[in-house]
Protein chains: 2
Amino acid sequence: MIEDISANAEQAAMFLKGLANPQRLMILCLLAEGEKNVSELIAATGIPQTSMSQHLNKLKDENIVDFRREHRSLFYRLEHPAALKIMTVLHDEYCAK
Amino acid sequence: MIEDISANAEQAAMFLKGLANPQRLMILCLLAEGEKNVSELIAATGIPQTSMSQHLNKLKDENIVDFRREHRSLFYRLEHPAALKIMTVLHDEYCAK
DNA sequence: TTATGATATTATAAAAATATAAAATGAAGG
DNA sequence: CCTTCATTTTATATTTTTATAATATCATAA
């Protein structure tokens, strides 16, 4: 069952690294509520604009989020079922206890 | 539910960083089968001894694994239910597809 | 009590991640 | 068109992670 993750360890680790940052977890928490544009994410988290853009780019690279344009704004959303599952595990471990 | 991970984002991110490395995932795959000593882990993975020791130390720091001594050998085991849950999510995503 | 086997620790160099500032893009309103 | 707003891109310095080599520890068998 679990023992053959090793063959795919490189991919799986890259995916986890996409999540393994406190600011990105905050962003993903917000996106777990529903899609939000970049300005909303900045306002809600206090993360500097440039930094936000880079974090979103990294999440996009790992296909953890996707976005759509609406007028001038880009609305990001969580697009990765496994990422949501992991967020749930983290919630149960670090928030619900 | 999920939205308040942000308050604990730092801790949760540190935990994820403990997992987010291909060699450590391989180690954890093996430990998911049951406890193993360091020599067995080295033989099964090909990871150099020094490197193995450091990875195990990092996993220990995050309380993801624990160990017991038996004669000269140290037997490590997976000691973290949330880590096992995440391994399962990764397995379903990267191995069972 | 010494040698050996099993593992950890320390040191250090290389690679990757993060933060921050400056400049660039691109859509939309006037 | 020109300006402005929302966002990305590029550049760079700092910090963290990883890899590797050398050395140390510590339990045990001889």
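For the structure, see preceding data.
It should be emphasised that the depicted structure is a prediction, and the values quoted were computed from it without experimental measurement.

Chemist: Residues and numbers for the protein's contact with DNA strand C, please.
Modeler: Around DNA strand C lies a shell of 23 residues, among which A:Asn21, A:Thr50, B:Ser39, B:Gln49 and B:Tyr76 are the nearest. The sugar-phosphate share of atoms of DNA strand C within 4 Å of the protein amounts to 56%. Within the side chain of A:Asn21, a nitrogen or oxygen atom sits 2.9 Å from a phosphate oxygen of DNA strand C. Contact distances for DNA strand C include 3.2 Å between a base oxygen and a side-chain N or O atom of B:Gln54. Listed by contribution, the elements that provide at least two residues to the surface near DNA strand C are helix H2 (22-33) and helix H4 (49-61) of chain A together with helix H3 (38-45), helix H4 (49-61) and strand S3 (73-78) of chain B. Counting residues per element, the surface near DNA strand C draws most heavily on H4(A), which supplies five residues. Per-class residue counts for the surface near DNA strand C are three nonpolar, 14 polar and six charged.

Chemist: How would you summarise the packing of aromatic side chains if you had to cite specific residues and measurements?
Modeler: Residue and element names in this part refer to chain A. A full pass over the atoms with the stated rule returns four aromatic pairs over all chains. A centroid spacing of 5.1 Å and a plane angle of 40° characterise the contact between phenylalanine 67 and tyrosine 76, whose relative ring orientation is tilted. Arginine 68 extends its terminal NZ or CZ atom over the ring of phenylalanine 75, reaching a point 4.8 Å from the ring centre.

Chemist: Lay out the packing of helix H1 (residues 9-19) of chain A against helix H5 (residues 81-94) of chain B in plain terms, naming residues and giving numbers.
Modeler: Packing of H1(A) against H5(B) brings their axes to within 10 Å, and their N-to-C directions diverge by 120°. On the basis of the axis angle, H1(A) is oblique to H5(B). Where H1(A) crosses over H5(B), the handedness of that crossing is right-handed. Contacts from A:Gln11, A:Ala12, A:Phe15 and A:Leu16 in H1(A) reach B:Ile86, B:Leu90 and B:Tyr94 in H5(B). The residue makeup of the contact of H1(A) with H5(B), split by class, is six nonpolar, one polar and no charged.

Chemist: Run through the packing of helix H2 (residues 22-33) of chain B against H3(B), naming residues and quoting values.
Modeler: Residue and element names in this part refer to chain B. Where H2 contacts H3, the axes come no closer than 10 Å and their chain directions differ by 120°. By the angle class used here, H2 and H3 are oblique. Crossing handedness for the pair H2 and H3: right-handed. For the pair H2 and H3, the contacting residues are Met26, Ile27, Leu30 and Leu31 in the first and Leu41, Ala44 and Thr45 in the second. Class assignment for the residues of the contact of H2 with H3 results in six nonpolar, one polar and no charged.

Conventions used here
- Residues numbered from 1 in each chain as written.
- Chains lettered and ligands numbered in written order.
- Predicted model: local features only at pLDDT ≥ 70, side-chain atom pairs only at ≥ 80, totals over all residues.
- Heavy atoms only, no water.
- Near = heavy atom within 4 Å.
- Polar contact = N/O pair within 3.5 Å; in protein donor to acceptor, adjacent residues only side chain to side chain.
- Helix = DSSP H or I, 4+ residues; strand = E, 2+ residues; numbered from the N terminus.
- Nonpolar A, V, L, I, M, F, W, Y, C, P; charged D, E, K, R; others polar.
- Phe/Tyr/Trp six-rings, centres within 6.5 Å; stacked < 30°, edge-to-face > 60°.
- Lys NZ or Arg CZ within 6 Å of the ring centre and 35° of its normal.
- Axes fitted to C-alpha atoms, helices over the stretch in contact; angles between N-to-C directions.
- Parallel < 35°, antiparallel > 145°, perpendicular 65-115°, else oblique.
- Left-handed = near helix turned anticlockwise from the far one by under 90°.
- Contact = heavy atoms within 4.5 Å.

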